[in-house]
Structures are given as structure tokens and as C-alpha cells.
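Report on the structure
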Amino acid sequence: MSIMTYRQAVHDTLRDEMRRDENVLLIGEEIGVFEGSYKITAGMLAEFGEKRVRDTPIAEEGFTGAAIGAAMLGLRPVVEIMTINFSLLALDQIVNHAAKIYGMFGGQARVPLVIRTPGGGGQQLGATHSQNIELYYAFVPGMKVVAPSTPADAKALLLAAIRDDDPVLFLENLALYNTKGDVPDDDTPAEIGRAAVTRPGSDITVVAYSRMAAVALEVAEKLAETDGIDVEVVDLRSLRPLDRDTVIASVRRTHCAVVLEDDWLTYGIGAEIAATISDGAFDWLDAPVRRVAMAEVPLPYSKPLETAALPSADDVTTAIRQTLVAVARRAE
């Protein structure tokens, strides 16, 4: 076991997989000479050369399409799109080609492609560079979408993504890059499509992913210490496939739930989770499912306004307390 940052876990996993399998290659803007905008690919060009670390023009549709073709021919490209916002320029390639080729052609070709891309607000990058638009991709059959919240999960899920024969969108929240945690030394991949109960509890279930899963744990530990509230935290880890069974089982134990997401409320991932709970645990609920999300505005550049728009630990704490008050009133 080693302690490292989320950034280092992604870097080391990429490097180790490239050493393990010569078919793994990296494609993206400024990932070679500049070593990546977030230094995830530091040292890669020097070690593996230009054949396997391919700097590209600023042309997301073009180099994503090239990576899809390479994957169909047996390579395992890992594409870095500088931010998830820029993936919109490759939307047709991802949604209409990577996700559909296996199904449209009766399994004659696989697309073992990974698209790594960071997102999220809080960095004062403005409305067009601060989005969480993973919903666009989690909506599409044929895609797999994973969202690790810890360095350990970043390693395990990236291993799984690179070794998977289907296209995988690998989400990295910018706010997580410098967070630290224990990372196992072995190279055992995670199971894509399996959520994790990161903190068992008995009073209420909190469901989250990516940055908000880390916030959920922080709030849960604080509430246990200050209020004696025992929060169970479910980290989705995978948005497609979605582990509905773990979510339902947790809510059936605790009888109430709060769902967190770092995105807009309307039509969000949280809506799908709330519907899942309604379908599978309605008769166990002692209060309505509450959702916490960001303000429904283009994210402001102004730091105070940006902070106010993003969901916070205080927002989560308030939602948990309000839900438990509703439970108590029903019991009276």
C-alpha cells in the first residue's frame, strides 16, 4: 500500500499499463512535449517515444475518430481530452461511432477505447470550462462511464477501463487531483458497474459520485462526531452500468436517502438515482428522497458566485437534517 495523490495514481497506472501492454498508446493535445495540462503524462514521451505518445492538433473530433479506428484494429488507445467541455467537439465520434460500432456490426469489431477527461467547477475557469456533462455519455447504450472519487479507485477503475473491450469514459474531477489516499500496490482492476458502500450507517443513505462522494464522506464523519447521526455513504463509481442493487439495498436498510451530484438538478444523474430508489425501495421510504445539486445557471467566473453556485458540505448537511426531521415527524 502506498499513499499518493489522485493525479499520481492516474499517472502511475497509465505508465504501468503501457509497460505491460505494447498496444496501449496515448493520444491527445499537449500530452507529449508539454506533459499534459495537468501533468498526468509527465515523463511518458521520454520513456515511450512519439509512436505511443501522440501529440495532436486542437481537433477533438479528428483525433478521437483516429483513436476509434486504431481501437477497431487492435490497439488500446487512451485519449486525453483536455476538459470534458471539449468532448462536445467529438460528440458525434463518441456517441455515434465508439458507442455503436460493436452493436451495429453484429460484434465484428470491438472498440477498446478509453477517453480520460477532467471536469468540474471551483477553479474559476468560467461557464464553458467548468461543466459536468457526463450525463450526455451515461445516457448512451454502448458506452461505459466511470467516475472514481479516490486515488485507489482511480487506479483500479483505470486498470479496468484500459483492459475493457468496450469504450469507457473515465471522469476525473479537477478538485480531486491533489487529494491523497492509500493505493494498493497490486494491479487488480475494479469491476465496472459496481458501487461501493464507503461508510456503513443506519440512519440515512447518501448516494454520490466523484467529488461529491468525497464531500459525502466528510459530512458523514462530521455528523457522526457532532450529532451522532449515522450516515451510510454509497459511492456510485460507475454511472453506466449503474449499480442499482447496492443503492436499493442501502435505502431499504436506512429508510431514507439524499442524492448528491456536482451538476444541474434538472434531468441529472440524481434524477435517475431517485427514480431507482422509487422503483426498488418505495415501500421502505420514511421520507421523500432529497437531491443536492448545483444552481441551474452557467457557472460564474466570480469566485464568490462560483462557490455559491456549487453544492457544498453545508448544503449536504442541511439536506440530511431536513430528511431526518421529516422521518421523525412521520414517526410521531
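Summarised in this report is the structure supplied together with it. (Residues numbered from 1 in each chain as written. Predicted model: local features only at pLDDT ≥ 70, side-chain atom pairs only at ≥ 80, totals over all residues. Heavy atoms only, no water.)

The number of helices and strands found in the protein chain is twelve helices and 14 strands. Here the protein chain has a C-alpha radius of gyration of 20 Å; the compact-globule value for 332 residues is 20 Å, and the two agree. Projected onto the principal axes, the alpha-carbon positions of the protein chain cover approximately 70 × 45 × 40 Å. Across the 332 residues of the protein chain, 54% fall into the buried class. Counting only contacts in the protein chain whose residues sit at least 6 apart along the sequence, the fraction spanning at least 24 positions is 82%. Taken as a whole, the protein chain presents about 14,300 Å² of accessible surface, with 54% of it coming from carbon and sulfur. If the 31 positive side-chain charges of the protein chain are averaged to one point and the 48 negative ones to another, these points end up 2 Å apart. (Helix = DSSP H or I, 4+ residues; strand = E, 2+ residues; numbered from the N terminus. Rg over C-alpha atoms; globule rule 2.2 N^0.38 Å. Buried < 20%, exposed > 50% of the residue type's maximum accessible area, 1.4 Å probe, protein only. Contact = heavy atoms within 4.5 Å. Areas by Shrake-Rupley, 256 points an atom, 1.4 Å probe, with all protein chains shown as cover. Lys, Arg positive; Asp, Glu negative; His and termini not counted. Charge placed at Lys NZ, Arg CZ, Asp CG, Glu CD.)

This part takes up empty space enclosed by the protein. Inspection of the entire model under this criterion finds four cavities of 30 Å³ or more. Taken as a whole, the largest cavity holds about 90 Å³ of empty space. Lining of the largest cavity is provided by 15 residues; of these, N132, E134, L171, N173 and S210 occupy positions nearest its centre. Of all the secondary structure elements, the ones that give two or more residues to the lining of the largest cavity are strand 5 (114-119), strand 7 (168-173) and helix 8 (211-226). For the lining of the largest cavity, the class distribution of residues is five nonpolar, six polar and four charged. Approximately 50 Å³ is the volume found for the second largest cavity. Surrounding the second largest cavity, A127, S130, Q131, N132, D263, W264, M294, V297, P298 and L299 form its lining. Grouping the amino acids of the lining of the second largest cavity by side-chain chemistry returns six nonpolar, three polar and one charged. (1 Å grid on protein atoms, 1.4 Å probe; cavity = no way out; pocket = protein on both sides within 12 Å on 5 of 7 lines; lining within 4 Å. Points joined across faces, edges and corners; volume = space filled by probe spheres on them. Nonpolar A, V, L, I, M, F, W, Y, C, P; charged D, E, K, R; others polar.)

To continue, consider the pattern of salt bridges. Counted according to the given criterion, the structure contains 24 salt bridges. With a closest N to O distance of 3.2 Å, D16 and R15 form a salt bridge. The class of D16 is partly exposed, set by a relative accessible area of 33%. (Salt bridge = Lys/Arg side-chain N within 4 Å of Asp/Glu carboxyl O.)

Moving on to the pairing of strand 10 (residues 204-208). Counting buried residues along strand 10, five of its five residues qualify, which places the element largely inside the surrounding structure. Of the two faces of strand 10, the one holding I204, V206 and A208 and the one holding T205 and V207 are both buried throughout. Taken together, strand 10, helix 8 and strand 11 (residues 231-235) constitute a β-α-β crossover, and its handedness is right-handed. (Right-handed = clockwise from strand over helix to strand, strands pointing away.)

Attention shifts here to the sheet that holds strand 4 (residues 76-80). Spatially, the seven strands line up as an open sheet ordered 3-2-4-5-7-6-12, and their pairing is mixed. Pairing within the sheet leaves two strands with one partner each, and these edge strands are strand 3 (53-55) and strand 12 (238-240). For this sheet, the mean inter-axis angle between neighbouring strands, taken without regard to orientation, is 20°. As defined by bridge partners, strand 6 (residues 144-146) adjoins strand 7 across three bridges and the pair is classed as parallel. Bridge assignment links V146 to a residue of strand 7, and that residue is F170. Packing of helix 1 (residues 6-20) onto the sheet brings it into contact with strand 2 (24-28), strand 3, strand 4, strand 5 and strand 7, and relative to strand 2 it is tilted by some 130°. Along the sheet, helix 7 (residues 151-163) contacts strand 2, strand 4, strand 5, strand 6 and strand 7; its crossing angle with strand 7, the most-contacted strand, is approximately 155°. (Pairing = 2+ DSSP bridges. Axes fitted to C-alpha atoms, helices over the stretch in contact; angles between N-to-C directions.)

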